[in-house]
Amino acid sequence: LAKTTQPISMDSYEGQEVNITCSHNNIATNDYITWYQQFPSQGPRFIIQGYKTKVTNEVASLFIPADRKSSTLSLPRVSLSDTAVYYCLVGDDSGNTPLVFGKGTRLSVIA
Amino acid sequence: DAGVTQSPTHLIKTRGQQVTLRCSPKSGHDTVSWYQQALGQGPQFIFQYYEEEERQRGNFPDRFSGHQFPNYSSELNVNALLLGDSALYLCASSPRDRLQETQYFGPGTRLLVL
C-alpha cells in the first residue's frame, strides 16, 4: 500500500486559505487520493477525492500534478471550526477497501 | 436518515476484562469495518464484516473478534484487555453494491483500560 507523508501540524489565521500538501511517491496506477477531516472525539469525515488534475466541491479543492506523486488540499477562507486533523489517504476508490491512515496534519485556526 | 451509531460512547474497564462494543450502520449500508485509534495516531483497521462473516482483517490479535447480525449491525469484542487497548474504537459502514461510495464513520466509543 502506498505510504503518505504530510506535515504534522499547521497554524493559520481565520479568513486565510490553507494548503496542506501530501507526498505519495509510490502511488499505484489505480489508486485514488482521498482526504478526511477529524474533529476531537469524532469519527473521520470524507472531504474530497480525486485521481488527477483538480477536483473542487463545496468544502475544498484538491490539486494533483501530472505525476501524481503529491497532492494539495486547499481550504478557502478557513474559520475556527476548521480546526481539526486532516488525513491524506491513497488507495483504490472502493468503499470496501480498508482505509490506511497516517498520523495526519493537525490544523489550528487562530482568531 | 440516521448515520452510523455506536454504543456506548465511553467505557472504563480493568485489565483482563472483556468488552463488547456495538455499531449500527448507515441506512442502506451492509458492510461494517472497525478501526482502533490510539491517542495522537490515525485510525488502524481491525476487520471488516459483510454477510455476517469476517472478510478482511488487519494486524490485530485473536483477542479482537466480531460479529455481524442479519440487520447488518455489528459488535466488536475484545478479550483479556490490556492497558494498550485504551483507544477510540470507530465503526465505519459502506454499501457493498455501490463500490465507489466512501466509508461513513460513527462517533466512536472511547475505551479506557485501567
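Fair warning: this is a prediction, and the values are worked out from it, not measured in the lab.

### Details of the sheet that holds strand E1 (residues 9–13) of chain A
Residue and element names in this part refer to chain A.
- Strands sit in the order E1-E9-E8-E3-E4 across an open sheet of 5 strands; the sheet is mixed. With one partner strand each, in any of the chains shown, E1 and strand E4 (45–50) form the two edges of the open sheet. For this sheet the average axis-to-axis angle between neighbouring strands, irrespective of direction, equals 25°.
- Sheet analysis places strand E8 (residues 84–91) next to strand E9 (residues 105–110), joined by 3 bridges and oriented antiparallel. Note that in E9 the partner of Tyr86 across the bridge is Thr105.

### A closer look at the interface of chain A and chain B
- Opposite the 18 residues of chain A that make contact, chain B presents 24 residues.
- Between chain A and chain B the total buried area reaches about 1700 Å² when both faces are included, carbon and sulfur atoms providing 46% of it.
- Summed over the three residues of chain A that lose the most area to chain B, namely Gly95, Asn96 and Pro98 of chain A, the buried surface amounts to 33% of that side.
- Taken together, the connections running from chain A to chain B amount to 0 salt bridges.
- The interface formed by chain A and chain B includes 10 residue pairs in polar contact (both at pLDDT 80 or more).
- Grouping the constituent residues of the side of chain A that touches chain B by class yields 7 nonpolar, 9 polar and 2 charged.

### Concerning the sheet that holds strand E1 (residues 5–7) of chain B
All names here are of chain B.
- With antiparallel pairing, 4 strands are arranged side by side in an open sheet as E1-E3-E8-E7. The sheet is open, and its two borders are formed by E1 and strand E7 (64–68), each paired with just one other strand. Averaged over all adjacent pairs, the angle separating strand axes in this sheet is 20°, with direction ignored.
- Pairing of E1 with strand E3 (residues 19–24) involves 3 bridges; the strand directions are antiparallel. Paired with Thr5 across the strands is Ser24, a residue of E3.

### Things to note about the packing of aromatic side chains
- Applying the stated criterion across every chain yields a total of 11 aromatic pairs over all chains.
- Ring plane angle 75° and centroid distance 6.1 Å describe the contact between Phe101 of chain A and Phe105 of chain B, whose orientation is recorded as edge-to-face. Placement of Phe101 of chain A in the loop between E8 and E9 and of Phe105 of chain B in strand E10 (residues 104–105) is noted, with the two residues assigned to different chains.
- Each member of the aromatic cluster is reached from another via a ring pair, and the members are Tyr36, Phe46, Tyr87 and Phe101 of chain A together with Tyr35, Phe45 and Phe105 of chain B.
- In this structure, Arg68 of chain A is placed above the aromatic ring of Tyr51 of chain A, and the distance from its NZ or CZ to the ring centre is 3.9 Å.
- Between the NZ or CZ atom of Arg96 of chain B and the centre of the ring of Tyr50 of chain B, over which it lies, the distance is 4.2 Å.

Rules and cut-offs
- Residues numbered from 1 in each chain as written.
- Chains lettered and ligands numbered in written order.
- Predicted model: local features only at pLDDT ≥ 70, side-chain atom pairs only at ≥ 80, totals over all residues.
- Heavy atoms only, no water.
- Pairing = 2+ DSSP bridges.
- Helix = DSSP H or I, 4+ residues; strand = E, 2+ residues; numbered from the N terminus.
- Axes fitted to C-alpha atoms, helices over the stretch in contact; angles between N-to-C directions.
- Contact = heavy atoms within 4.5 Å.
- Buried area = accessible area lost by both parts, 1.4 Å probe.
- Salt bridge = Lys/Arg side-chain N within 4 Å of Asp/Glu carboxyl O.
- Polar contact = N/O pair within 3.5 Å; in protein donor to acceptor, adjacent residues only side chain to side chain.
- Nonpolar A, V, L, I, M, F, W, Y, C, P; charged D, E, K, R; others polar.
- Phe/Tyr/Trp six-rings, centres within 6.5 Å; stacked < 30°, edge-to-face > 60°.
- Lys NZ or Arg CZ within 6 Å of the ring centre and 35° of its normal.

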